[in-house]
Amino acid sequence: YAEPNFIVHASDVTPNDPSFGQEWGLNNTGQTVNYSTGTPDADIDAKEAWSVSTGSPDVTVAVIDTGVDMSHPDLAQNIWINQGENCSGCRNNGIDDDGDGYVDDWRGWDFVNHDNDPTDDNGHGTHVSGTIAAAGNNGVGITGVTWNSKIMPLKFLDSSGSGSTEDAISAILYAQTHGVPILNNSWGGGDPSQALQ
């Protein structure tokens, strides 16, 4: 075969999100954030990774935490929707349309209040979700590690940030039932639990 010897260049993907410069974990240039100076290149090399991929909407991460602010401008477009509860009129019809044991769970589940509204009343789950999948390059706020992957909100921690092992297990099993293999469990404490393991 014969082909030209192309000139290629290193890719530099920098999102236009106004607070990206404060996310030293993604790109540390030695910038000062909250009166602390970073160490250049002590980061996850996100910009380099984004030259390969900024994520996929086909990937879902279950955030098992205090819930998620699903109307947040950096998260709203990346909230997982349960297609089994998303038909015309299904979202709030009082029927378990997909047969998973949860009624109208079209956007995840709240294991604290046992309802279909996993809205964050603490802030931690929203923070974690933004780190994972805040929409990137949308000119708003920050950017996540992945720009368009989906977040499945599973609330088991209450407004004080506490929850039971039983509810944590239920949230993990919910994610498993819906085929989500990636779980964020940014919590700990309590005695060792065989059931949780």
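A few points on the structure. (Residues numbered from 1 in each chain as written. Predicted model: local features only at pLDDT ≥ 70, side-chain atom pairs only at ≥ 80, totals over all residues. Heavy atoms only, no water.)

The subject of this paragraph is the pattern of salt bridges. Going through the model one piece at a time under the given rule, you end up with 2 salt bridges. Taking the shortest distance from any N to any O, the salt bridge between Arg107 and Asp117 comes out at 3.3 Å. Placement of Arg107 in the loop between β3 (60–65) and β4 (109–110) and of Asp117 in the loop between β4 and α2 (124–133) is noted, with a sequence separation of 10 residues between them. (Salt bridge = Lys/Arg side-chain N within 4 Å of Asp/Glu carboxyl O. Helix = DSSP H or I, 4+ residues; strand = E, 2+ residues; numbered from the N terminus.)

Let us look at the pairing of β3. Burial of β3 is extensive: 6 of the 6 residues sit out of reach of the surface. Here β3 shows two buried faces, one formed by Thr60, Ala62 and Ile64 and the other by Val61, Val63 and Asp65. As paired elements, β3 and strand β5 (residues 150–155) share 6 bridges and run parallel to each other. Along β5, the bridge assignment pairs Thr60 with Lys150. Bridge count for β3 against strand β6 (residues 182–184) is 3 bridges, and the pairing is parallel. What sits directly across from Val63, in β6, is Asn184. (Buried < 20%, exposed > 50% of the residue type's maximum accessible area, 1.4 Å probe, protein only. Pairing = 2+ DSSP bridges.)

Disulfides are covalent bonds that connect the sulfur atoms of two cysteines. Summed over all chains, the structure comprises 1 disulfide. Bridging Cys87 to Cys90, the disulfide has an S-S length of 1.5 Å. Overall, the relative accessible area of 39% leaves Cys87 in the partly exposed class. Accessibility expressed as a relative area gives 5% for Cys90, which makes it buried. (Disulfide = S-S within 2.5 Å.)

The element β5 is largely enclosed, with a buried count of 5 among its 6 residues. Sheet analysis places β4 next to β5, joined by 2 bridges and oriented parallel. When the sheet's bridge partners are listed, Trp109 is paired in β5 with Leu154.

As for its placement among the helices and strands, Asn28 is situated in the segment before β1 (32–33). Spatially, the C-alpha atom of Asn28 lies 9.8 Å from that of Ala46, the residues being 18 residues apart in sequence.

Glancing now at the packing of aromatic side chains. A complete count under the given rule lists 8 aromatic pairs for this structure. Judged by centre distance (5.7 Å) and plane angle (50°), the ring pair of Phe20 and Trp50 falls under tilted. Of this pair, Phe20 sits in the segment before β1 while Trp50 sits in helix α1 (residues 46–50), and the two are 30 residues apart along the sequence. Accessibility assignment for this pair places Phe20 and Trp50 in one class, buried. Centre to centre, the rings of Tyr102 and Phe111 are 5.6 Å apart; their planes meet at 80°, and the pair counts as edge-to-face. Each of the two residues, Tyr102 as well as Phe111, counts as buried. (Phe/Tyr/Trp six-rings, centres within 6.5 Å; stacked < 30°, edge-to-face > 60°.)

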